[in-house]
Amino acid sequence: MILAFDGSAIDGSLYADVVARAHHSADWLDDTVSVWSTYGLLVFAVLAVIGWWRARRVSPAAAVTTLAVPVVVVAAYGVDMVLKAAVRENRPCQSLQVATLDACPAHGDWSFPSNHAAIAAAAAVALFFVSRLLGAVAGVAAVAMAGSRVWVGLHYPHDVLAGVLVGGLVAWAATFVVRRHSGGLARRLASRRLGELLLAS
(Lines give C-alpha, C1' and ligand atoms only; values in the text may rest on other atoms or scores of the structure.)
Protein backbone atom coordinates (compact mmCIF):
# COMPACT_ATOMS: atom_id res chain seq x y z
CA MET A 1 0.00 0.00 0.00
CA ILE A 2 1.31 3.46 -0.90
CA LEU A 3 1.79 5.70 2.12
CA ALA A 4 -0.01 9.00 1.68
CA PHE A 5 -0.06 12.33 3.46
CA ASP A 6 -3.20 13.28 5.40
CA GLY A 7 -3.83 16.99 4.98
CA SER A 8 -6.91 17.15 7.18
CA ALA A 9 -4.95 18.63 10.09
CA ILE A 10 -4.23 21.77 8.04
CA ASP A 11 -7.74 22.94 7.20
CA GLY A 12 -9.95 19.87 7.45
CA SER A 13 -12.49 21.69 9.61
CA LEU A 14 -12.85 24.48 7.05
CA TYR A 15 -13.24 21.91 4.30
CA ALA A 16 -15.93 20.10 6.32
CA ASP A 17 -17.80 23.38 6.85
CA VAL A 18 -17.79 24.15 3.12
CA VAL A 19 -18.97 20.65 2.19
CA ALA A 20 -21.71 20.81 4.82
CA ARG A 21 -22.88 24.16 3.43
CA ALA A 22 -22.93 22.65 -0.05
CA HIS A 23 -25.24 19.88 1.16
CA HIS A 24 -27.65 22.45 2.58
CA SER A 25 -27.64 24.70 -0.49
CA ALA A 26 -30.18 24.84 -3.28
CA ASP A 27 -29.94 22.07 -5.86
CA TRP A 28 -29.57 24.55 -8.72
CA LEU A 29 -26.54 26.10 -7.03
CA ASP A 30 -24.87 22.75 -6.38
CA ASP A 31 -25.57 21.62 -9.95
CA THR A 32 -24.13 24.85 -11.36
CA VAL A 33 -20.98 24.62 -9.26
CA SER A 34 -20.54 20.95 -10.12
CA VAL A 35 -20.83 21.62 -13.86
CA TRP A 36 -18.41 24.53 -13.60
CA SER A 37 -15.95 22.41 -11.59
CA THR A 38 -16.01 19.71 -14.26
CA TYR A 39 -16.19 21.69 -17.50
CA GLY A 40 -15.17 25.23 -16.58
CA LEU A 41 -11.63 24.86 -17.91
CA LEU A 42 -13.09 25.04 -21.41
CA VAL A 43 -13.80 28.72 -20.77
CA PHE A 44 -10.07 29.41 -20.51
CA ALA A 45 -9.51 27.76 -23.90
CA VAL A 46 -12.19 30.00 -25.41
CA LEU A 47 -10.58 33.08 -23.86
CA ALA A 48 -7.20 32.05 -25.27
CA VAL A 49 -8.69 31.74 -28.77
CA ILE A 50 -10.31 35.18 -28.42
CA GLY A 51 -6.99 36.60 -27.27
CA TRP A 52 -5.15 35.07 -30.23
CA TRP A 53 -7.76 36.34 -32.70
CA ARG A 54 -7.46 39.88 -31.36
CA ALA A 55 -3.65 39.77 -31.04
CA ARG A 56 -3.25 38.93 -34.75
CA ARG A 57 -4.62 42.40 -35.49
CA VAL A 58 -2.09 44.03 -33.17
CA SER A 59 1.29 42.54 -34.11
CA PRO A 60 3.06 39.21 -34.75
CA ALA A 61 4.81 39.56 -31.39
CA ALA A 62 1.46 39.91 -29.59
CA ALA A 63 0.15 36.85 -31.43
CA VAL A 64 3.20 34.84 -30.34
CA THR A 65 2.53 35.72 -26.70
CA THR A 66 -1.04 34.50 -27.10
CA LEU A 67 0.02 31.30 -28.86
CA ALA A 68 2.25 30.59 -25.88
CA VAL A 69 -0.72 30.45 -23.50
CA PRO A 70 -1.51 26.73 -24.00
CA VAL A 71 2.20 25.87 -23.78
CA VAL A 72 2.47 27.78 -20.52
CA VAL A 73 -0.61 26.02 -19.16
CA VAL A 74 0.84 22.61 -20.02
CA ALA A 75 4.10 23.57 -18.28
CA ALA A 76 2.19 24.60 -15.15
CA TYR A 77 0.25 21.34 -15.25
CA GLY A 78 3.52 19.42 -15.48
CA VAL A 79 5.01 21.16 -12.46
CA ASP A 80 1.78 20.56 -10.56
CA MET A 81 1.85 16.84 -11.36
CA VAL A 82 5.45 16.55 -10.17
CA LEU A 83 4.43 18.11 -6.85
CA LYS A 84 1.43 15.79 -6.59
CA ALA A 85 3.66 12.76 -7.03
CA ALA A 86 6.12 14.08 -4.44
CA VAL A 87 3.60 15.02 -1.72
CA ARG A 88 1.01 12.25 -2.27
CA GLU A 89 -1.77 13.75 -0.22
CA ASN A 90 -4.99 11.75 0.03
CA ARG A 91 -8.19 13.39 -1.13
CA PRO A 92 -10.14 14.94 1.76
CA CYS A 93 -13.17 12.80 0.93
CA GLN A 94 -10.97 9.76 1.61
CA SER A 95 -9.30 10.99 4.80
CA LEU A 96 -12.45 12.44 6.36
CA GLN A 97 -14.90 10.00 4.75
CA VAL A 98 -17.54 12.62 4.03
CA ALA A 99 -20.26 12.58 1.39
CA THR A 100 -19.41 14.92 -1.46
CA LEU A 101 -21.29 16.40 -4.42
CA ASP A 102 -18.87 14.81 -6.88
CA ALA A 103 -17.69 11.22 -6.69
CA CYS A 104 -14.59 10.77 -4.57
CA PRO A 105 -11.57 9.78 -6.72
CA ALA A 106 -9.79 6.48 -6.13
CA HIS A 107 -6.79 6.17 -3.83
CA GLY A 108 -3.68 7.29 -5.65
CA ASP A 109 -5.40 10.21 -7.36
CA TRP A 110 -3.62 12.71 -5.15
CA SER A 111 -5.08 15.97 -3.94
CA PHE A 112 -2.21 18.47 -3.46
CA PRO A 113 -1.89 20.75 -5.35
CA SER A 114 -5.11 21.07 -7.33
CA ASN A 115 -4.61 20.55 -11.07
CA HIS A 116 -7.75 22.50 -11.92
CA ALA A 117 -6.66 25.48 -9.83
CA ALA A 118 -3.15 25.42 -11.30
CA ILE A 119 -4.41 25.27 -14.88
CA ALA A 120 -6.94 28.04 -14.31
CA ALA A 121 -4.43 30.32 -12.59
CA ALA A 122 -1.79 29.69 -15.26
CA ALA A 123 -4.26 30.56 -18.00
CA ALA A 124 -5.36 33.71 -16.18
CA VAL A 125 -1.82 34.99 -15.64
CA ALA A 126 -0.74 34.17 -19.19
CA LEU A 127 -3.83 35.87 -20.60
CA PHE A 128 -3.14 38.96 -18.51
CA PHE A 129 0.08 39.38 -20.52
CA VAL A 130 -2.08 39.30 -23.65
CA SER A 131 -4.95 41.53 -22.52
CA ARG A 132 -5.75 43.04 -19.14
CA LEU A 133 -9.45 42.60 -19.83
CA LEU A 134 -9.13 38.92 -20.76
CA GLY A 135 -6.77 38.41 -17.83
CA ALA A 136 -9.27 39.96 -15.43
CA VAL A 137 -12.12 37.80 -16.76
CA ALA A 138 -9.90 34.72 -16.54
CA GLY A 139 -8.81 35.72 -13.04
CA VAL A 140 -12.41 35.80 -11.79
CA ALA A 141 -13.03 32.46 -13.51
CA ALA A 142 -9.89 31.01 -11.87
CA VAL A 143 -11.08 32.03 -8.40
CA ALA A 144 -14.45 30.46 -9.15
CA MET A 145 -12.74 27.27 -10.33
CA ALA A 146 -10.59 27.03 -7.21
CA GLY A 147 -13.59 27.56 -4.94
CA SER A 148 -15.71 25.05 -6.83
CA ARG A 149 -13.19 22.28 -6.25
CA VAL A 150 -13.61 22.67 -2.50
CA TRP A 151 -17.39 23.07 -2.77
CA VAL A 152 -17.83 19.76 -4.59
CA GLY A 153 -15.59 18.08 -2.01
CA LEU A 154 -12.57 17.10 -4.08
CA HIS A 155 -9.94 19.37 -2.51
CA TYR A 156 -8.94 21.03 0.74
CA PRO A 157 -8.66 24.84 0.63
CA HIS A 158 -4.86 24.56 0.88
CA ASP A 159 -4.85 22.34 -2.22
CA VAL A 160 -6.46 24.99 -4.39
CA LEU A 161 -4.39 27.81 -2.89
CA ALA A 162 -1.21 25.88 -3.67
CA GLY A 163 -2.50 25.14 -7.17
CA VAL A 164 -3.14 28.83 -7.79
CA LEU A 165 0.35 29.72 -6.59
CA VAL A 166 2.03 27.03 -8.68
CA GLY A 167 0.08 27.83 -11.81
CA GLY A 168 0.43 31.58 -11.38
CA LEU A 169 4.17 31.55 -10.72
CA VAL A 170 5.00 29.16 -13.55
CA ALA A 171 2.85 31.17 -15.96
CA TRP A 172 4.33 34.49 -14.90
CA ALA A 173 7.91 33.28 -15.33
CA ALA A 174 7.30 31.48 -18.63
CA THR A 175 5.18 34.20 -20.23
CA PHE A 176 7.63 36.89 -19.13
CA VAL A 177 10.41 35.04 -20.99
CA VAL A 178 8.23 34.48 -24.07
CA ARG A 179 7.22 38.13 -24.19
CA ARG A 180 10.84 39.30 -24.02
CA HIS A 181 11.68 37.12 -27.02
CA SER A 182 8.37 37.42 -28.86
CA GLY A 183 9.87 39.38 -31.76
CA GLY A 184 12.48 36.73 -32.53
CA LEU A 185 9.96 33.93 -32.07
CA ALA A 186 7.57 35.67 -34.45
CA ARG A 187 10.28 35.85 -37.13
CA ARG A 188 11.06 32.15 -36.70
CA LEU A 189 7.42 31.16 -37.00
CA ALA A 190 6.99 33.34 -40.07
CA SER A 191 10.02 31.71 -41.70
CA ARG A 192 8.40 28.33 -41.20
CA ARG A 193 5.30 29.35 -43.13
CA LEU A 194 3.26 29.86 -39.98
CA GLY A 195 2.78 33.56 -40.65
CA GLU A 196 -1.00 33.11 -40.99
CA LEU A 197 -1.11 32.40 -37.26
CA LEU A 198 0.51 35.74 -36.52
CA LEU A 199 -1.32 38.21 -38.74
CA ALA A 200 -4.95 38.71 -39.66
CA SER A 201 -5.54 38.18 -43.33
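Overview of the structure. This one's a predicted model, so the numbers in the text were calculated from it and none came from an experiment. (Residues numbered from 1 in each chain as written. Predicted model: local features only at pLDDT ≥ 70, side-chain atom pairs only at ≥ 80, totals over all residues. Heavy atoms only, no water.)

### Description of the packing of aromatic side chains
Across all of its chains, the model carries 3 aromatic pairs by this definition. Each ring, one from tryptophan 52 and one from tryptophan 53, has its centre 5.9 Å from the other, and the planes form 65°; the classification is edge-to-face. The exposure class of tryptophan 52 is buried, given its relative accessible area of 19%. (Phe/Tyr/Trp six-rings, centres within 6.5 Å; stacked < 30°, edge-to-face > 60°. Buried < 20%, exposed > 50% of the residue type's maximum accessible area, 1.4 Å probe, protein only.)

### Notes on the environment of aspartate 159
Tracing the backbone through its elements, the reader meets aspartate 159 in helix H8 (residues 157-180). With relative accessibility at 0%, the residue aspartate 159 sits in the buried group. When the C-alpha atoms of aspartate 159 and aspartate 11 are compared, they prove to be 9.9 Å apart, with 148 residues separating the residues in sequence. For aspartate 159, the contacting residues outside a window of four places in its chain are Glu89, Pro92, Ser111, Phe112, Pro113 and Ser114. Here the side chain of aspartate 159 touches histidine 155 through a polar contact of 3.5 Å, side chain to side chain. (Helix = DSSP H or I, 4+ residues; strand = E, 2+ residues; numbered from the N terminus. Contact = heavy atoms within 4.5 Å. Polar contact = N/O pair within 3.5 Å; in protein donor to acceptor, adjacent residues only side chain to side chain.)

### Section: the state of the cysteines
If you walk through the whole model with that rule in mind, you get 1 disulfide. Covalently, cysteine 93 is tied to cysteine 104 through a disulfide, its sulfur atoms 2.1 Å apart. With the S-S dihedral at roughly 80°, the linkage between cysteine 93 and cysteine 104 falls on the right-handed side. Placement of cysteine 93 in helix H5 (residues 92-95) and of cysteine 104 in the loop between H5 and helix H6 (115-130) is noted, with a sequence separation of 11 residues between them. For cysteine 93, a relative accessible area of 6% gives the class buried. (Disulfide = S-S within 2.5 Å.)

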